[in-house]
Each structure stands twice: as structure tokens, then as C-alpha cells.
Amino acid sequence: MTAAGLQRAAGGLALLATGAAIGVLSERTQKQLSQPASTSDEVVTILGAIGNTPLLEIPSLSKLTGCRILAKAEFLNPSGSVKDRAAKYLIESAEKSGDLPPGGTVVEATGGNTGLGLALVAAAKGYKAVFTMPAVTSTEKIALMQAFGATTHVQPGVPLSDPNHFYHLAKRIIADNPTTHFGPDQFENMANFQAHYETTGPEVWRQTAGRLDGFVAASGTGGTIGGISKFLKEKNPAIEVWVVDPEGGATAGYINSKRTNSTVQPNGWEMLPKTSGDTIAEGIGLPRATPTSSKVSWTTVSS
């Protein structure tokens, strides 16, 4: 997609998305940011190293679009992704509620970075971890989870409606061990959203000194984009927020098609209708809760 095409798609703002979350500053705010990312020589624990990632300016994309493009360097989290934030919140919220007992086991259906984050946090806190995942999961990610001490179960690629789906296996493991095993359930657990509403969103706002015109990210569970967008729009409703999905991707099409039948809950959250499940893609086919106040836009881009 050309720079002009990006500007049209974003209503005049040149918004781009890569593996990192992207912030956009327009020409009117391209002077030096007054508050850079925090730095410290303090020795911290592995959990203390989660978050407070810097913003990286991308000169080539800034020149291409005529805007100042900044990327949130979430790959600098301990296990290498933004999912460390959610993993920490998922486990610590379970500790506070009593759902995860001392010495207990964390069980999650995940073939992605959430598994790595949960494995790291569980190991740091002295918990066991068990993960179920589809056969398409990369061997590198499986090896990393195991390196953190996790047990992994690889399942065949079948539709969500099939009882052999990796999501259902995780549920059975928890049901068989109700007093010791806890399932974070990243797709439905609001601690996922809360991690970004309380940390990532405020960091972006602080690091840009509030002079942010647009925010762009991809989406899996919706926790990252949901939490960040809600915080940013509470600070400034004029900020544009975009979720970008690859052309032909399932997420944008799924959300846009189901949204016409969604219901708004008493707490202001929008719940998409449940489905019997017809895909092996992680997360697709499960109901998603997204903040209606965020007014997040969905679009697709060509590679």
C-alpha cells in the first residue's frame, strides 16, 4: 500500500502497523518529545523488567508518510513480546482472587507468545505451567516454553467444534485438577485488557507527552488494542485507533461481520455472539469483549 493510500485509509493520518504497536505524531507535533522513555541503573527482578519499553522513531516511515512514526519496542520485554504484560496480570490477578493456590499449576491453550510470557512469569513465581497448542506451533516456541520449565501438549489442527481441539484439552486438564490447576483463559479474562489499560496505554501517553494523533496495532485476543485504546481515548477522544489485519486475514472480517449482531452489556462492554467454531485459528470463534467507548476502526492492508 502506498503512503497516499495509507493516508486515505486513516482519514488523513498516515498510520502504519508492524509487529510492534505504532504511534503517530502529525507534522504539527514533530518537535522533540519533552519526556523520553525512562532509563534506570537499578537492579530489578525478571518481573520488574516487564514493561516501560522505549519508543523508537522510524525515520524511513516518517519520511514516507510525512508524519512522525514511533514504535513501542515491546520485543524488549523479558520473553520477547508484549504478551509478558498480560501474563503478569493474568497470574497476579489469580493470586489475589485465590484462584491460583501456592505451588499450583497454570494451564493455558496457546501456541503463541502468551505461552512464553506465562511460562516465564510462572517460573519466576514458583508455579508449574502446562500448555496445549495446535500442531502448527513453531518448534522454537515449544522449545522456549519447555526451557522455562513448562509441559507442552501438541494437538492436531482441528476445528474449534472438535473435542480434540487444543482449547478443549486445556479445559479438560483443569477440570480434572480443580483444586490445583488454574486456567488464565486469555481470551475471556479481563486482566488481559487491564494490563494494557494500566501500563501500556499510560506509557504511550507519557512518552509522547500526550501529543499523539493515532495509534495502530494488530490484534489477537484484543487485550492490547482494547486496553490501550480505551486509555488513550479517555485522555483524548480525538485520537484515532486502528486495528490492522493482513489482507485475507480472519480477524477484521470476523469482527465486522459479527458486530451487527453484538450486544452491549450493562458495564458498557460489547459482546460478540458465540459461534459453534469452524476454524483452527487461535481465538477466532470465541466471543470477544471490546470497549465500545474506544470506537476502534478495523481495516485490512496488502502485504
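Please read these numbers as outputs of a predicted model, since none were measured by experiment. (Residues numbered from 1 in each chain as written. Predicted model: local features only at pLDDT ≥ 70, side-chain atom pairs only at ≥ 80, totals over all residues. Heavy atoms only, no water.)

What about the overall build of the protein chain?
Scanning the protein chain for helices and strands turns up nine helices and 13 strands. Looking at the 303 residues of the protein chain, the share that counts as buried comes to 49%. Here the protein chain has roughly 13,800 Å² of accessible surface; of this, 55% comes from carbon and sulfur atoms. (Helix = DSSP H or I, 4+ residues; strand = E, 2+ residues; numbered from the N terminus. Buried < 20%, exposed > 50% of the residue type's maximum accessible area, 1.4 Å probe, protein only. Areas by Shrake-Rupley, 256 points an atom, 1.4 Å probe, with all protein chains shown as cover.)

Remarks on the environment of Ala147
Its place among the elements puts Ala147 in helix H5 (residues 139-147). According to the relative accessible area criterion, Ala147 is exposed, its value standing at 63%. Measuring from C-alpha to C-alpha, the distance between Ala147 and Leu116 comes to 9.7 Å, with 31 residues separating the pair along the chain.

Points about the confidence of the model for the protein chain
The predicted coordinates ought not to be read in detail in places where the model reports low pLDDT. Looking at the protein chain as a whole, the pLDDT averages 78, with 68% of positions reaching at least 70. Confidence drops under pLDDT 50 across residues 1-20; counting only partners more than four residues distant or on other chains, this segment forms 39 contacts. (pLDDT = per-residue confidence, 0-100. Contact = heavy atoms within 4.5 Å.)

Points about the sheet that holds strand S6 (residues 151-155)
Pairing is parallel in the open sheet, where four strands are placed in the order S6-S5-S4-S7. Of all the strands in the sheet, the pair left with one neighbour each is S6 and strand S7 (181-182). The sheet contact formed by strand S5 (residues 128-134) and S6 spans five bridges and is parallel. Each bridged residue has a counterpart across the sheet, and for Met133 the counterpart in S6 is Val154. Where H5 meets the sheet, its contacts fall on S5 and S6, and the angle it forms with S6 comes to roughly 155 degrees. (Pairing = 2+ DSSP bridges. Axes fitted to C-alpha atoms, helices over the stretch in contact; angles between N-to-C directions.)

Focus on the packing of helix H4 (residues 113-125) against H5
In the contact formed by H4 and H5, the axes pass within 9 Å of each other and the chain directions differ by 10 degrees. It follows from the interaxial angle that H4 and H5 lie roughly parallel. Once H4 is placed against H5, the crossing between them reads as left-handed. In this structure, H4 uses Asn113, Gly115, Leu116 and Ala119 to contact H5, whose residues at the interface are Lys141, Leu144 and Met145. (Parallel < 35°, antiparallel > 145°, perpendicular 65-115°, else oblique. Left-handed = near helix turned anticlockwise from the far one by under 90°.)

Points about a nonpolar patch on the surface
Taken together, the side chains of Leu56, Phe75 and Leu76 present a nonpolar region at the surface, about 290 Å² in accessible area. Summarising the element assignment, Phe75 is placed in the loop between strand S3 (68-72) and helix H3 (83-97). (Patch = residues over 30% accessible without salt bridge, like charges linked within 9 Å, V, L, I, M, F, W, Y side chains within 5 Å. Salt bridge = Lys/Arg side-chain N within 4 Å of Asp/Glu carboxyl O.)

Quick notes on the packing of aromatic side chains
Under the defined criterion, the tally for this structure stands at three aromatic pairs. Relative to Phe231, the ring of Tyr197 lies with its centre 6.0 Å away and its plane at 75 degrees, an arrangement referred to as edge-to-face. With Tyr197 in helix H7 (residues 190-207) and Phe231 in helix H8 (residues 223-235), this residue pair connects regions lying 34 residues apart in the sequence. Overall, Tyr197 belongs to the partly exposed group, its relative accessible area being 21%. Given the relative accessible area of 12%, Phe231 is considered buried. (Phe/Tyr/Trp six-rings, centres within 6.5 Å; stacked < 30°, edge-to-face > 60°.)

A look at H8
For H8, which comprises 13 residues, the first-to-last C-alpha distance of 19 Å matches the rise-based estimate of 18 Å (1.5 Å per residue) to within 8%. Burial in H8 covers these residues: Gly223, Thr224, Ile225, Gly226, Gly227, Ile228, Ser229, Lys230, Phe231, Leu232 and Lys233. (Expected span 1.5 Å × (residues − 1).)

Let's talk about the pairing of S3
Burial of S3 is extensive: five of the five residues sit out of reach of the surface. Here S3 shows two buried faces, one formed by Arg68, Leu70 and Lys72 and the other by Ile69 and Ala71. Bridge count between strand S2 (residues 55-57) and S3: three bridges; the pairing is antiparallel. What sits directly across from Glu57, in S3, is Leu70.

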